[in-house]
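Structural overview
Each chain, written out:
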Amino acid sequence: MRAARIERVKRRVLRQAVAENLDVIRGVPPRAVRPGNRYVRIWLRRAPYLLVPLVIVAWLGRGGQAIPPVVEAGLAAQPRAVNAGQAGLPVLHETTTSVERVTSAAFPLAVRRVVLDAGHGGSDPGATAVSVTEKTITLDIGHRLRGLLEREGFEVITTRADDRTIALRDRARLANDSNSDIFVSIHVNAIVKHTASRGIETYYLGPTNDPSLTQLAAAENSVSGYSLGDMRKLLDGVYADARRDESHELATIVQRELFTSLRASDSGLENWGVKRAPFIVLVATDMPAVLAEVGCLSNEKEAAMLRRPEYRQKIAAALFDGIRAYASANDGPKTKGSPNHG
Amino acid sequence: MAEILHVGIDLGTSRSAISASNGERFVVDSFVGWPLDMVAKKVLKRDVLIGHEAVSNRTMLDLHRPLERGLLKEGSEKDVEAVRELLRHLLRLVGVNGKIDASNVRAVVGVPAAALRTNKQYLRNSMKGIVDSLLIVSEPFAVAYGLDALLHTMIIDIGAGTTDFCVMKGRYPTEEDQRTLMIAGDSIDTQLLKLIEERYPQANVTVFMVREWKEKHSFVGEPQAPVIVTAPVKGVPTELDITSDLRTACETILPPITETMIDLLARVEPEFQERVRTNIILSGGGGLIRGLSDALENALKGVGGGKVRYMEDPVFIGSDGGLALAIDAPEGDWEKLTA
């Protein structure tokens, strides 16, 4: 009995395997999964034959009055195009010819693809402290953030997945080639002259008159491979870019989430706010882009915290909250490179 | 009438196996190499080397491992040619183009569960002229078919390039019944090599050595005995204790496999979940990692408990399943499946 059943199942799966192969050979799209119960299939096939007489009987039972349309639970009632008062003809199915404007909420994936850029890497360690380097911290936070984003349905592209040297222009090129929606660069600060300072800051692209920021940008850009002339051209082209507004918005949200979350673990943490600076990864990318300095390695206490995986997870979670909040706030359709306010 | 030969082929990233209806079975390393220059050709006395022979002589060869993640690498003519050489070699081993002509061969080839239709079409094209008719199926399905495990069973096939999951529900598995993870034997090798290099920076270790150690000693959980291997340190053969590194590397595959297994179980109709939980089969080389089935059973305790068994001889389990499919497929179907 059991053997006969197994043989039956074997014949069925073999038939289906051959059918799938023939579909591949003919270039036919994959078949939809059919309901497992053949009785269900039989009844589904017969449904139209049964529904037509039922509808006619129901109409006759109502003395020939039009049957009101059924509004499914959860769906808003649509304006009726047919006047139900015009009795005489049975109205089996009402349709509307008026075109409703589709709201932006119908396209909830304006921010779908995120580029995560773990700062430094390979021969470029970034800031260093005792037994820890910026490149290691940023990579770890990037990995954690990637997991959180992917679980939420975002598509994530990373500029580096391991400890390797990646030129800044290559990071930007990767982001641009991947046609991503936002770019988030993760860095850790080091303020050698003020080791007591510790804070969080987020950058977006723009000119700055602050000499310390110019110095910081110059340091971060030093391995970019761009000449001064290239830089000038790039900057002239992008300072007036409309995406600056979006980058500013993203930076504001990310900074808010970072500071609110991390302050809970460290009451001495300072909010250094949202700033503008011409970091090369912000200059050369085509999408809203921010650079978050998520901590300060030159501060001993903070360096100790950054060594703890749970604190790095907290940073990743805060960045995730920021990205998700930005995505939710911008969930309408948008054209790449254009602002999406209203 | 000419003799028809049915074959099942498990085309793997690391190893490829063939089982034939004439009783022959072979397994070869999925490496193909061509002599680098005339000197190498003269030394090796061969135009192409395949399998273990290719690995052993790799320094003289343009060596290719053509199946990345269990799939034929597209866009690389050399890799396509390598796959064709590999297939020809496997078929030669079971007698094709000796007593049996290639035009009388009907083959079933297993590919990763998540292989796309384009990958299958690509493989089909590359097998033109090598076999008469070809049926391509998902590898874990071939395993399930060979074991008659077609109902309320989960197959977890841990190969080198991919780990394939397939829940058998009495039908040919659809996308929703299958998953493929890129975490498998190769990722353990990479991790183990990295850990050994960190611990013994002076040691001269290659991925081939690491792979051999893993295949011999792999385990998760508590070690039964220290794992001591020999590798040159500054040219001197030296004993290295890699116990903890091997454990760490092997255990990296546990979280993703556990997560995927439980996720797939949760998608089974509730009334059948318990039956599937108690019918989980580990196959592929990775199934031999000591302690893996126990670790997965431990993870299942959180969802009501279950039973995970592993196949003692995983090498031919996929190709034997393919052979069973090849023999059972009706003659009329084979005529439609011309390669």
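These remarks concern the structure in this document. (Residues numbered from 1 in each chain as written. Chains lettered and ligands numbered in written order. Predicted model: local features only at pLDDT ≥ 70, side-chain atom pairs only at ≥ 80, totals over all residues.)

Overview of the overall build of chain A
Helix and strand counts for chain A stand at 10 helices and 8 strands. Taking all 342 residues of chain A together, 33% fall into the buried category. (Helix = DSSP H or I, 4+ residues; strand = E, 2+ residues; numbered from the N terminus. Buried ≥ 20, exposed ≤ 12 C-beta atoms within 10 Å, placed from the backbone.)

Considerations on the overall build of chain B
When helices and strands are tallied, chain B shows 13 helices and 17 strands. Long-range contacts, defined here as pairs at least 24 residues apart, represent 70% of the contacts in chain B between residues at least 6 apart. (Contact = placed C-beta atoms within 7 Å.)

Description of the environment of Tyr-204 of chain A
All names here are of chain A. Looking at where Tyr-204 falls in the secondary structure, it is placed in strand β6 (residues 199-204). Look at Tyr-204 and you get buried, because 26 C-beta atoms sit within 10 Å. Distance in space between the C-alpha atoms of Tyr-204 and Ala-251 is 6.3 Å, their sequence separation being 47 residues. Sequence-distant contacts of Tyr-204, that is, excluding residues within four places in its chain, are made with Arg-244, Ser-247, His-248, Ala-251, Val-274, Arg-276, Leu-282 and Val-290.

Quick notes on the pairing of strand β16 (residues 280-283) of chain B
Residues and elements named next belong to chain B. Where burial is concerned, the two faces of β16 agree: the one with Ile-280 and Leu-282 and the one with Ile-281 and Ser-283 are both buried. Sheet topology places strand β11 (residues 151-158) next to β16; 4 bridges connect them, and they run parallel. Note on β16: the bridge partner recorded for Met-154 is Ile-280. As paired elements, β16 and strand β17 (residues 308-310) share 3 bridges and run parallel to each other. Across the sheet, Leu-282 pairs through a bridge with Tyr-310, a residue of β17. (Pairing = 2+ DSSP bridges.)

Points about the interface of chain B and chain A
Each side of the interface is counted separately: chain B has 21 residues, and chain A has 14 residues. Contributing elements (two or more residues each) for the side of chain B that touches chain A: α4 (117-126), β10 (133-138), α12 (317-328) and α13 (331-336) of chain B. A per-class count over the side of chain B that touches chain A returns 10 nonpolar, 3 polar and 8 charged. (Nonpolar A, V, L, I, M, F, W, Y, C, P; charged D, E, K, R; others polar.)

Structural notes on the nonpolar core
In this structure, Val-7, Ala-107, Val-109, Leu-134, Leu-135, Ile-156 and Leu-325 of chain B are the most contacted members of the largest nonpolar core, which totals 99 residues. It is helix α3 (residues 77-93) of chain B that provides the largest number of residues to this core, a total of 6 residues. Discounting chain neighbours no more than four positions away, the residues touching Leu-134 of chain B are Ala-107, Val-109, Arg-124, Met-127, Leu-337 and Ala-339 of chain B. One finds Val-111, Leu-139, Phe-279 and Ile-280 of chain A within the second-largest nonpolar core, a separate group that totals 61 residues. (Core = buried A, V, L, I, M, F, W, Y, C linked by C-beta atoms within 7 Å.)

With respect to helix α8 (residues 243-251) of chain B
Burial in α8 of chain B covers these residues: Asp-245, Leu-246, Arg-247, Ala-249 and Cys-250 of chain B. Where the residues of α8 of chain B are buried, they touch α6 (185-199) and α7 (207-217) of chain B.

Examining the environment of Arg-46 of chain B
Mapped onto the elements, Arg-46 of chain B comes out in the loop between α1 (38-44) and β5 (49-50). With 12 residues separating them in the primary sequence, Arg-46 of chain B and Trp-34 of chain B have C-alpha atoms 8.4 Å apart.

Concerning the sheet that holds strand β6 (residues 61-64) of chain B
Residues and elements named next belong to chain B. Spatial strand order, β5-β4-β6: 3 strands in an open sheet with antiparallel pairing. Two strands bound the open sheet, and with one partner strand each, they are β5 and β6. Sheet analysis places strand β4 (residues 32-35) next to β5, joined by 2 bridges and oriented antiparallel. By the bridge assignment for β5, Gly-33 is matched with Leu-49.

A look at unusual backbone geometry
Located in the positive-phi region is His-120 of chain A, a residue other than glycine, with phi close to 60°. Locating His-120 of chain A in the fold gives a position in the loop between β1 (113-118) and β2 (128-129). A count of 26 C-beta atoms within 10 Å places His-120 of chain A in the buried class. Even without a glycine there, the phi angle at Lys-45 of chain B is positive, about 55°. Looking at the secondary structure, you find Lys-45 of chain B in the loop between α1 and β5.

Details of helix α9 (residues 254-266) of chain B
Residue and element names in this part refer to chain B. Counted at 1.5 Å a residue, the expected span for α9 with its 13 residues is 18 Å, and the 18 Å between its end C-alpha atoms agrees. Those residues of α9 lying buried are Ile-257, Met-261 and Leu-265. In a view along the axis of α9, the buried residues occupy a sector of 65°, so they form one face of it. Of the exposed residues in α9, the ones pointing more than 90 degrees away from its buried face are Pro-255, Glu-259, Asp-263 and Ala-266. (Expected span 1.5 Å × (residues − 1). Arc of directions from axis to C-beta.)

Looking at the sheet that holds β1 of chain A
In sheet architecture, strand pairing relies on hydrogen bonds along the backbone and comes in two forms, parallel and antiparallel. All names here are of chain A. With respect to topology, 6 strands assemble into an open sheet ordered β4-β1-β5-β8-β6-β7, the strand pairing being mixed. Edge positions in the open sheet fall to β4 (155-158) and β7 (270-276), since each of these has one partner strand only. Going across the sheet, the axis of each strand differs from the next one's by a mean of 20°, ignoring polarity. As defined by bridge partners, β6 adjoins strand β8 (residues 289-296) across 4 bridges and the pair is classed as antiparallel. Opposite Tyr-204, over in β8, you have Val-290 as the bridge partner. Sheet strands in contact with helix α3 (residues 134-151) are β1, β4, β5 (182-189) and β8, and its direction is about 145° off that of β5. (Axes fitted to C-alpha atoms, helices over the stretch in contact; angles between N-to-C directions.)

What about the packing of α3 of chain A against helix α10 (residues 309-329) of chain A?
All names here are of chain A. Between α3 and α10, the shortest axis-to-axis distance is 8 Å and the interhelical angle comes to 50°. For the element pair α3 / α10, the angle class is oblique. Seen from above, α3 lies across α10 with right-handed handedness. Between α3, through Ile-137, Asp-140, Ile-141, Arg-144, Leu-145, Leu-148 and Leu-149, and α10, the contact on the second element is made entirely by Arg-312, Gln-313, Ile-315, Ala-316, Ala-317, Leu-319, Phe-320 and Ile-323. Here the residues of the contact of α3 with α10 are counted per class, giving 11 nonpolar, 1 polar and 3 charged. (Parallel < 35°, antiparallel > 145°, perpendicular 65-115°, else oblique. Left-handed = near helix turned anticlockwise from the far one by under 90°.)

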